[in-house]
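Here is what each chain is made of, one letter per residue.
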Amino acid sequence: KETGKTIFDYVIDVRIEKAKELLRETDSKVAAVAEQVGYLNTSYFCLAFKKNVGMTPAEYKSRAFL
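Computed from a predicted structure; not experimentally measured. (Residues numbered from 1 in each chain as written. Predicted model: local features only at pLDDT ≥ 70, side-chain atom pairs only at ≥ 80, totals over all residues. Heavy atoms only, no water.)

A. Molecular detail of the pattern of salt bridges. Inspection of every chain in the model, using the stated rule, returns 3 salt bridges. Note that Asp 13 is salt-bridged to Lys 5, the shortest N-O span being 2.1 Å. Judged by relative accessible area, which is 42%, Lys 5 ranks as partly exposed. With its nearest N and O atoms 3.3 Å apart, the salt bridge here joins Glu 17 to Lys 20. Here the residue Glu 17 and the residue Lys 20 both occupy positions in helix H1 (residues 7-25), the gap between them amounting to 3 residues, near one helical turn. (Salt bridge = Lys/Arg side-chain N within 4 Å of Asp/Glu carboxyl O. Buried < 20%, exposed > 50% of the residue type's maximum accessible area, 1.4 Å probe, protein only. Helix = DSSP H or I, 4+ residues; strand = E, 2+ residues; numbered from the N terminus.)

B. Fine view of the packing of aromatic side chains. In this structure the tally under the stated criterion is 4 aromatic pairs. Each ring, one from Tyr 39 and one from Phe 45, has its centre 5.4 Å from the other, and the planes form 55°; the classification is tilted. Here Tyr 39 matches Phe 45 in class, with each residue buried. Summarising the aromatic geometry, the rings of Phe 49 and Tyr 60 are spaced 5.7 Å apart at their centres and angled 70° between planes, so their arrangement reads as edge-to-face. You can see Phe 49 sitting in helix H3 (residues 42-53) and its partner Tyr 60 sitting in helix H4 (residues 57-64), a full 11 residues away along the chain. Here Phe 49 matches Tyr 60 in class, with each residue buried. Through pairs of rings, three or more aromatic residues link up here, namely Tyr 39, Tyr 44, Phe 45, Phe 49 and Tyr 60. (Phe/Tyr/Trp six-rings, centres within 6.5 Å; stacked < 30°, edge-to-face > 60°.)

C. Examining H1 more closely. For H1, which comprises 19 residues, the first-to-last C-alpha distance of 27 Å matches the rise-based estimate of 27 Å (1.5 Å per residue) to within 8%. Considered for burial, the residues of H1 that qualify are Ile 12, Ile 16, Ala 19, Lys 20, Leu 22 and Leu 23. One side of H1 carries all its buried residues, which in axial view fall inside an arc of 165°. Exposed side of H1, more than 90 degrees from the buried face: Ile 7 and Glu 25 are the residues found there. (Expected span 1.5 Å × (residues − 1). Arc of directions from axis to C-beta.)

D. Spotlight on the side chain of Lys 20. For Lys 20, a relative accessible area of 17% puts it in the buried group. Apart from residues no more than four positions distant in its own chain, Lys 20 is found in contact with Phe 49, Val 53 and Tyr 60. (Contact = heavy atoms within 4.5 Å.)

What follows is the structure in structure tokens.
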């Protein structure tokens, strides 16, 4: 109630924020990051990431290193 989000949306937000941190701070591959944040399907992770961030995990990772 405090966030104005459903528990499902809140969990997705937490996972995506952790994924962003891992993509910025490690040299892990996208598939490994997806698994670390709880996504067994890398394609689904990429879709969820793009929906929330506006770019794919690979695009995010490449921009983080610029």
